[in-house]
Amino acid sequence: MTTRQKDTPVFSFDEHTGIAQIETPAAFSYAETLLYLTRSPLECLHSVENGRIYKLLEAGKELLPTEISEPCPGRLQLRFVQGPPASPDAVREAVAYTAEWLDLARDMTPFYAMAQSDPLLGPLASRYFGLRIIGVPHLFEALCWAIAGQQINLTFAYTLKRRLVENYGRKLVVDDRSYWLFPKPGDLAGVTVEELRQLQFTGKKAEYILHVAGLMDSGTLSKEALLASGSYEDAEHTLLAIRGIGPWTAHYVLMRCLRNPAAFPIGDAGLHNALKLLLHRTQKPALEEIRRLFAPWRGWEAYAVFYLWRSLMPEGSLSIETPDPPGAKT
C-alpha cells in the first residue's frame with residue numbers, strides 16, 4: 001500500500017512485515033535528528049540505540065511501540081514492534097505523527113536560500129544542513145515541558161518531565177524495553193499541587209500545569225482551536241492569557257508544537273549564549289541587538305533559533321532557562 005495525505009509524506013506499508021517506509025525530503029539529516037534526540041540521557045519518551053529510535057505511539061485505541069530507522073538516504077523505516085496495527089488508520093496516524101515530530105513536511109528551500117549569503121546564519125545552515133525543528137506534537141506535553149523548564153537548567157527540566165511521566169503517564173514493556181506515553185490532561189484530574197511539589201515542581205509550576213490540564217480536559221484549550229484561531233497573533237494572545245505562560249513559553253509552544261516558523265523565543269538563554277559565542281563577545285547581546293540581527297531572517301526566526309541552539313552542541317547543551325515567570329500572567 002502506497003499513500004499520501006495532506007502534510008504527510010509519501011509512504012508505503014507492508015502488511016506482512018508491519019513496516020512502513022516514509023519518503024524524506026532531500027534537506028533532511030537523520031544524523032542531526034539523532035544528535036538532537038540523544039542530547040539528554042534522562043529522556044524517557046524515546047530512546048536511541050544503534051542508530052534506531054524507539055518510541056511509543058498512540059493511534060486510536062492502539063498503543064504502538066515503534067522502531068524508526070534510516071535504511072538508506074531519502075527513506076525512514078517505521079517498524080511496528082508488535083506487528084501490524086489492527087487498523088489501517090493507525091498506520092496513517094503513526095506516519096503522520098512521525099512526519100510532524102521530525103518536521104518532514106516543511107519546505108526548507110526558502111530558508112536555505114535566505115541563509116546562504118548571510119554571514120552569521122549561512123555557516124550554520126551549511127554545517128548543519130538537513131537539521132529540522134524536532135517537534136512536540138501534543139499541546140499538553142509541549143506546555144508542560146515549557147512550564148517545567150522555566151528558569152532551570154536542562155538537566156533538571158528533564159528530571160521533572162521524567163517524574164511527571166513515570167507517575168502519571170502510561171508504560172508498556174516489550175522485549176525488555178520500557179516505552180512511556182506522556183500523561184493526558186485527564187490523567188492529572190484530582191492531582192493536587194502538593195503531589196506535584198513532592199516531585200520537586202515549585203508550587204507555582206504545579207498550579208500552572210494543573211490549570212492547563214483543566215483547560216484542556218474541559219475543551220476550553222486545544223491545539224486544533226489554536227491552529228484555527230485565524231492568525232499567529234491570535235494564537236499567541238490566547239496562550240499569553242493563560243496563567244504561567246509568558247512570551248518565551250508562548251513562542252516555544254508556537255515553535256515546537258504549532259509549527260509557526262516565525263515564532264521567536266527571544267528571551268531564551270541558550271539563544272543568547274549561542275549569539276555571544278558566534279559574535280565572539282564577552283557579554284550577551286541586548287534584546288534590541290538580537291532583534292536587529294534577526295531582521296533579515298523574518299518569517300524564519302524559529303529555524304534560526306534552532307540552528308543557533310544546535311551550535312551549542314555537543315560541547316554545550318540546549319538551555320531552556322527563561323525569564324518567563326516574572327512577566328507571565330499569574
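See the structure above.
Residues numbered from 1 in each chain as written. Predicted model: local features only at pLDDT ≥ 70, side-chain atom pairs only at ≥ 80, totals over all residues. Heavy atoms only, no water.

Draft legend 1. Structural context of the overall build of the protein chain. Across its full length, the protein chain holds 15 helices and nine strands. Its C-alpha atoms give the protein chain a radius of gyration of 20 Å, within 12% of the compact-globule value 20 Å for 330 residues. Taking the principal axes of its C-alpha atoms as reference, the protein chain extends roughly 60 × 50 × 40 Å. The long-range fraction of contacts in the protein chain, counting pairs at least 24 apart against all pairs at least 6 apart in sequence, stands at 65%. Surface exposure of the protein chain reaches about 14600 Å², of which carbon and sulfur atoms provide 50%. (Helix = DSSP H or I, 4+ residues; strand = E, 2+ residues; numbered from the N terminus. Rg over C-alpha atoms; globule rule 2.2 N^0.38 Å. Contact = heavy atoms within 4.5 Å. Areas by Shrake-Rupley, 256 points an atom, 1.4 Å probe, with all protein chains shown as cover.)

Draft legend 2. Highlighting the pairing of strand β3 (residues 19-23). Counting buried positions along β3 yields four of five residues, so the element is predominantly enclosed. Across four bridges, strand β2 (residues 11-14) lies against β3 in antiparallel orientation. Its bridge partner being in β3, Phe11 is matched across the sheet by Ile22. Counting the residues between successive antiparallel strands, the hairpin from β2 to β3 contains four residues, one of them, Gly18, with a positive phi of roughly 70°. (Buried < 20%, exposed > 50% of the residue type's maximum accessible area, 1.4 Å probe, protein only. Pairing = 2+ DSSP bridges.)

Draft legend 3. Main features of the packing of aromatic side chains. Under the definition given, this model contains 17 aromatic pairs. On the basis of an interplanar angle of 35° and a centroid distance of 4.5 Å, the ring pair of Tyr112 and Phe129 is categorised as tilted. In this pair, Tyr112 sits in helix α3 (residues 109-115) while Phe129 sits in the loop between α4 (121-127) and α5 (139-148), placing the two residues 17 residues apart along the sequence. Phe129 sits in the partly exposed class, given a relative accessible area of 44%. Following the ring pairs from residue to residue traces out a cluster consisting of Phe111, Tyr112, Phe129, Trp300, Tyr303 and Tyr307. One Lys or Arg, Arg39, reaches over the ring of Tyr36 and ends 3.8 Å from the middle of that ring. A cation over a ring is seen here: Arg177 above Tyr54, with NZ or CZ 3.6 Å from the ring centre. (Phe/Tyr/Trp six-rings, centres within 6.5 Å; stacked < 30°, edge-to-face > 60°. Lys NZ or Arg CZ within 6 Å of the ring centre and 35° of its normal.)

Draft legend 4. Quick peek at the pairing of strand β4 (residues 46-49). Note that β4 and strand β5 (residues 52-59) share four bridges and pair antiparallel. Residue pairing for β5: Glu49 is matched across the bridge by Arg52. Hairpin connection of β4 to β5: two residues between the antiparallel strands, including Asn50 at a positive phi of 50°.

Draft legend 5. Focus on the state of the cysteines. Going through the model one piece at a time under the given rule, you end up with zero disulfides. Free of any disulfide, Cys144 has its nearest cysteine sulfur in Cys257, 11 Å distant. (Disulfide = S-S within 2.5 Å.)

Draft legend 6. A look at helix α8 (residues 203-217). Relative to the 21 Å expected for 15 residues at 1.5 Å per residue, α8 spans 21 Å between its end C-alpha atoms, a close match to the ideal helical length. In this structure, the buried residues of α8 make contact with α5 and α7 (193-198). One or two positions beyond α8, positive phi appears at Gly219, with a value near 90°. (Expected span 1.5 Å × (residues − 1).)

Draft legend 7. Layout of the packing of α5 against α8. Put simply, α5 and α8 touch, their axes get as near as 10 Å, and they point 165° apart. It follows that α5 is roughly antiparallel to α8 by the angle criterion. Considering the relative orientation of α5 and α8, their crossing is right-handed. Between α5, through Leu139, Phe140, Leu143, Cys144, Ile147 and Ala148, and α8, the contact on the second element is made entirely by Lys205, Tyr208, Ile209, Val212, Ala213 and Met216. (Axes fitted to C-alpha atoms, helices over the stretch in contact; angles between N-to-C directions. Parallel < 35°, antiparallel > 145°, perpendicular 65-115°, else oblique. Left-handed = near helix turned anticlockwise from the far one by under 90°.)

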